[in-house]
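# Remarks on the overall topology
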Amino acid sequence: MSKRDFLSAADLSRAELDDLLDLAARAKGKRPGQVLAGKTLGLLFFEPSLRTRVSFEVAMVQLGGHCINLSRDDLYELEPQEQAVMDGAAEEHVKDAARTLSRYVDALGIRAASRTGGWDKDRQELLVRSYARHASVPVINLETCFEHPCQAIADVMTMRENLVSMRGRKLTLLWCNHPEPKSLGPTHSVLQLAAMMGMQVTLAHPLGFEVDDQVLQRSKGLAAEAGGSVQVVNDLRSAAPGAEVLYARSWASTKYWDDPEREAMVKRSLQGWRVDAALMASTNQAFLMHPLPVRRNVVATDEVLDGPRSVIYDQAANRTHVQKALLMQLLKQGPA
Ligand code: CP
């Protein structure tokens, strides 16, 4: 039997995205029933999570199934490289873990460690893609350093709820300062899906914090096909004017991926890259979005995060509904 994985925003066509959003909206309005009764979702977290873990567990419970959760401490160190000579620290090959788990569970969700080597290696998402290659059940990406597609669909759902029509609407994806180097996952995935929806996207970041060029070029192509656009600006003053949605998020510099201390040094002069009331006032009454967790009064002030244009908890809430839709589709079950 063939199986479908969900690893990247790039895995979705526009029609599939629309179907998922419609199904998620229906699942939010009325519980679909116990359509996944007896099904088990295995969740493997190699990094911490609050929202992803809880929203997937709740989604499975609402559909009549259940989850098994494993964290890094529960798992053997894994080898993702094919034909590796396993004389190092890794005790088990992903091939064996994936094939074994496929005998127990009906789908697998994996949050990978975001930093294991150089950017050229990490951008390949070796662990999640190796699981997908070897598992005989669907594999869902729960965030890598490169993509966070479940978050992005929930974000598009939240934008659609607030803007109603998305084509031509103005979204700013704003880099914000943060003491830690963060994954590029949410930014890459939201950028691609917003482009697919035909939004006019402004990607605003300081020099040195460019997103992956392949993702940027793909997004530009998707936007052009859908009647939207993607532009990049490198100064904060050009970022917000006209924005109807301001999506704040920090991400690491791929240039300094191997050198977090250098990145921290560079960021000392970038503390002005944060969202406050003055920046919000320069937008077109934008909704404020952030995937959470958020560093309050570093990335964005309390005033704007708790303010009337903030939809950060709606984004988090929509994770459950999007994931119910995704699980129903991947496990080929319709609503009752
Ligand atoms: N946004 C998000 O994925 O949150 P968690 O890291 O808490 O799962």
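Residues numbered from 1 in each chain as written. Predicted model: local features only at pLDDT ≥ 70, side-chain atom pairs only at ≥ 80, totals over all residues. Heavy atoms only, no water.

### What to know about the domain arrangement of the chain
When cut into domains, the chain gives domain 1 (9-148 + 319-330) and domain 2 (152-315). The C-alpha-based centres of domain 1 and domain 2 are spaced at 25 Å. Between domain 1 and domain 2 the total buried area reaches about 2,600 Å² when both faces are included, carbon and sulfur atoms providing 59% of it. If you sort the residues of domain 1 by the area they bury against domain 2, Leu21, Arg115 and Trp119 come out on top, with a joint share of 25%. The tally of links between domain 1 and domain 2 comes to three salt bridges. Close ionic contact of Asp22 with Arg160 constitutes a salt bridge, the shortest N to O distance being 3.1 Å. Mapped by element, the contributors of at least two residues to the side of domain 1 that touches domain 2 are helix H1 (14-29), helix H4 (119-122) and helix H12 (312-330). Take the side of domain 1 that touches domain 2: its biggest share by element is nine residues, from H1. (Domains from an automatic or database assignment. Buried area = accessible area lost by both parts, 1.4 Å probe. Salt bridge = Lys/Arg side-chain N within 4 Å of Asp/Glu carboxyl O. Helix = DSSP H or I, 4+ residues; strand = E, 2+ residues; numbered from the N terminus.)

### With respect to the packing of helix H7 (residues 185-196) against helix H8 (residues 213-226)
Orientation of H7 relative to H8, taken along the N-to-C sense of each, is 20 degrees, at an axis distance of 7 Å. Viewed along their axes, H7 and H8 adopt a mutual orientation that is roughly parallel. Helix-helix and strand crossings are classified by hand; for H7 and H8 the assignment is left-handed. For the pair formed by H7 and H8, the contact residues are His188, Leu191, Gln192, Ala195 and Met196 on the first element and Val215, Leu216, Arg218, Ser219, Leu222, Ala223 and Ala226 on the second. Here the residues of the contact of H7 with H8 sort into eight nonpolar, three polar and one charged. (Axes fitted to C-alpha atoms, helices over the stretch in contact; angles between N-to-C directions. Parallel < 35°, antiparallel > 145°, perpendicular 65-115°, else oblique. Left-handed = near helix turned anticlockwise from the far one by under 90°. Contact = heavy atoms within 4.5 Å. Nonpolar A, V, L, I, M, F, W, Y, C, P; charged D, E, K, R; others polar.)

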